[in-house]
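One-letter residues, chain by chain:
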Amino acid sequence: MLQMSWLIPLFPLLSFILLVVFRKSSNENTAWIGVLLTGASFVLSFGAWLAVWQGDGIKVEGTWFQLGERAITMGYEVNPLNALMLVIVSLVSLLVHLYSKGYMHGDERFSVFFAYLGLFSFAMLGLVLSPNLLQLYMFWELVGLGSFLLIGFYYFKPEAKAAAKKAFVMTRIGDVGLFIGMVLLFWQVGSFEYDEIFSAIKNGELSQSMLTLTAICIFVGAIGKSGQLPLHTWLPDAMEGPTPVSALIHAATMVAAGVYLVAAMYPLFQASETALTVVAVVGGVTAIFAASIGLMQKDIKRVLAYSTVSQLGYMMLALGASGYVAGIFHLTTHAFFKALLFLAAGSVIHAVHTQNIEEMGGLWKKLNITGPLFLIGALAISGIPLLSGFFSKDEILMSTYADGKYGLFWIAVIAAFMTAFYMFRLFFLVFTGKPRGSQKGVHESPSVMTLPMIVLGVLAVVAGYLNTPWFGTFLTDYLSQGPVELLHADHHGPVWIPFVATAVALLGIGLAYMIYQKGSVSRDWLTRTFPGLSHVIYNKWFVDEGYDRTVVKGTTGLSWLGVWFDKYVIEGLVAGVVSGVQALSRLGSEMQNGQVQSYGTFAIFGLVLLLLIAALSGGYFS
Amino acid sequence: MTGEMIAFFLLALTAITGGVLLINLTNVVHMVVALIFTFIAIAGIYITLSAEFVAVVQVLIYSGAITIIMLFGIMLTRHQEKEKTAPRLKVWLAGGSIALFFIIMYGKIKDLNFGQQNAELHIDNTKKIGIELYSHYVIPFELTSVLLLVALIGSIILAKRDDDEKEAKK
Amino acid sequence: MSSVPLTAYLMLALILFCIGLFGALTKRNAVIVLISIELMLNAVNINLVAFAKYSLNPGLTGQVFSLFTITVAAAEAAVGLAILIALYRNRQTVNVDEMDTMKR
């Protein structure tokens, strides 16, 4: 099975090529091409995962080209970490393909959408399979391209266009960091191979400051892709894309690529305490920051988007707090329940044709499959016991506490409270109460859409049992086969942590219930109590405005300066040279006027010049 | 102030005045007449330099022959009443160059002095020149006559109206 | 007996030479240009005769040489004027500005 794993990314690529060929076809059965080929990918991935579970692994490489004495290689590798990622990516991709068949029904560019999905899946799977940084970087950019195309799928909407551009530019800022880190590593180690880099780190070939520098540069790449704090603004805007895309790319897979990158390069981070701290702090601050914005948003997808940013922050926090397993575990469970939430949100939007939660309400009865599934997702993300989110979040809190980062621990707890609150605010506003706004012809989505949601719903419940203190830590054992040495394999923090986590989750849900369901606490209680703060939060901490005023204005100003410089200084210089040459040649041609007297005058002039030089230098006469 | 000096200054002044008039007058004939003064003054300068024979030749050839030839040349050709001035740029370039030339040369000659020589050039000047010409310089002298002959014939041929041209005019 | 120094003669010659040169370069009438050239030659003759008297070994050489110069100048004036007449016959002008066949 493992020998065939190179086929995994090729199936979606084939799907992309076929669908591009058939893109003019109005027949929506083309979707089955994508579904079947992605299904094949999933089967192979699952097989590979099973093989790896039994302690197998494979790495195939060939020399791509020789650079001096250094060989640049290409190939593929299956290890515990990326086998898990393969399964997540191909499974979510398959489910989203299936879901999109219903969701995108009737769209003019139906086949093109599936083609883009195929391209993205190919890039993402290729990224995961890469055995070296260079190959990873190529697929990294391809993934960015896929994301760009899919966000801008409704290119006739100006917001979508702007969002696509923004996503491209913002992630590119991070990519530059990754690129610099990669080049620094190549310079220091002489190879892009993970294995060689890790052994070089182990042998202490890199100085401590260089380790920190490269780790932080690579982390900047992860910040860009995963929407961490300074570069997070593209992710909420990316919700302009079709909802399945949000579920696939901006919840489950691509944004997790940043987390995956940090996990894949984990020995590098482990070698530098500073880098780990940076990762943890950025993750923790992002978690609470995005959660706070999520409290006030009115667009169903934006709430989920900020929730995604916040949960990604959790994962980074876990990785930064030496909770390697916790981070990966949360990545896995999050992929399932967040994809579920997005697909459910897509189903809601599909039914009521609006994204504003103020215009929804009372949909529980009408959407009798979507509703419970959304509830499962919300419970899972809030960390209610027995659901997957509980275990993974618990794991993160444990490792943060065990790592001694108490400040970040409490931040994570508060963020968990906020998460529970905004998720259930969303749930109550959408599914309970009286219908607000016009809701005509609301009906449950077709089975092609509900089926993937049910699968994800089941996974959102059971994925947590991969790694529990009660039944066994399968995931920990599994991941410890990988190249990463787990420092704190067992995060056995204090016993009270799960109870605190559960308590804050229940508290959040209870508060949301009181405000939005029973109404016993006024809705604008918070707004009235902290008017300044809520204004700031409602406007997303003014980060976008801040960027507009500083970076964008600065760049625009710089460009104006550049234009001015080019127009007046450079072109002036060029024009000056041109007119100078012209004047000189005009003078030359005027000198050739055929009159002996003029020639005589010039001759005398030249003679006098020579005499002057001779007289001044005292040469000839003295 | 000796008589020689007074004579030199008067003659030099006349010569330079003639030259300046040549530059500044507008009528061509007047210019040539102004130049006659210069030539005669230069002849006087030759006398102060104890070169009587050269002075006489100067009067004969320049003041007489060449000036007359030039007057004939002027009369044989058509002229504007007033001389047009040359383009300003060219005048400035030429004037500047010449002024610079003057300054450089002045700087070089102002301290030139070989001391007073007790030469006896003025005694039997013409006789001595005659003896020199017919003994030491006889070959250049003869060559000069050939040159004059060639110039004579050449001038005639150049100035003669061509037969072909005559044919064409008819 | 103090006499006129050599420098005075050289200065006079220099001034006349410059005037002649200026005339030769800026006057537009060909006859005047020729005359200016004669003036330049005269300035040179003054130098020759002056050096004949005031040089380190004075003699008649300078005077004889100036005689030759005068002869050549006369010949040159004659030929120059002949050329001028021929040119005038062809182009109907003695204006130096209009003689620009060298451009072609």
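Coordinates for the structure precede this section.
The following paragraphs examine the structure supplied in this document.

**Here's the deal with the pattern of salt bridges**
Residues and elements named next belong to chain A. Under the definition given, this model contains 9 salt bridges over all chains. As a salt-bridge pair, aspartate 175 and arginine 172 come within 3.2 Å of each other at their nearest N and O atoms. Here aspartate 175 pairs with arginine 172, and both are found in helix H6 (residues 158-189), just 3 residues apart, close to one helical turn. With a relative accessible area of 0%, aspartate 175 lands in the buried category. Look at arginine 172 and you get partly exposed, because its relative accessible area is 26%. For aspartate 403, the salt bridge goes to lysine 405, with nearest N and O atoms at 2.5 Å. Owing to a relative accessible area of 14%, lysine 405 belongs among the buried residues under this scheme. Salt bridges sharing partners connect three or more residues here, namely Lys157, Lys166, Asp237, Glu240 and Arg302.

**Remarks on the environment of valine 348 of chain A**
Residue and element names in this part refer to chain A. Relative to the helices and strands, valine 348 is located in helix H15 (residues 324-352). A sequence separation of 12 residues divides valine 348 from methionine 360, and the C-alpha atoms of the two residues are 9.0 Å apart. Residues contacting valine 348, with those up to four places away along its chain left out, are His353, Met360, Leu363, Leu367, Thr370, Val430 and Phe431.

**Focus: the interface of chain B and chain C**
The interface of chain B with chain C comprises 82 residues on the first partner and 75 residues on the second. For the pair chain B and chain C, the summed buried surface comes to about 7,200 Å²; carbon and sulfur atoms form 75% of the total. It is Ile23, Leu49 and Met70 of chain B that lose the most area in chain B upon contact with chain C, and together they represent 9% of the buried surface on that side. Our enumeration of links across chain B and chain C arrives at 0 salt bridges. Put simply, chain B and chain C have 8 residue pairs in polar contact (both at pLDDT 80 or more) between them. Every element with two or more residues in the side of chain B that touches chain C is listed here: helix H1 (3-24), helix H2 (28-48), helix H3 (52-76), helix H4 (88-109), helix H5 (125-135) and helix H6 (138-159) of chain B. Considering every element that reaches the side of chain B that touches chain C, the biggest residue donor is H3 of chain B, with 12 residues. Class assignment for the residues of the side of chain B that touches chain C results in 52 nonpolar, 18 polar and 12 charged.

The rules behind these values
Residues numbered from 1 in each chain as written. Chains lettered and ligands numbered in written order. Predicted model: local features only at pLDDT ≥ 70, side-chain atom pairs only at ≥ 80, totals over all residues. Heavy atoms only, no water. Salt bridge = Lys/Arg side-chain N within 4 Å of Asp/Glu carboxyl O. Helix = DSSP H or I, 4+ residues; strand = E, 2+ residues; numbered from the N terminus. Buried < 20%, exposed > 50% of the residue type's maximum accessible area, 1.4 Å probe, protein only. Contact = heavy atoms within 4.5 Å. Buried area = accessible area lost by both parts, 1.4 Å probe. Polar contact = N/O pair within 3.5 Å; in protein donor to acceptor, adjacent residues only side chain to side chain. Nonpolar A, V, L, I, M, F, W, Y, C, P; charged D, E, K, R; others polar.

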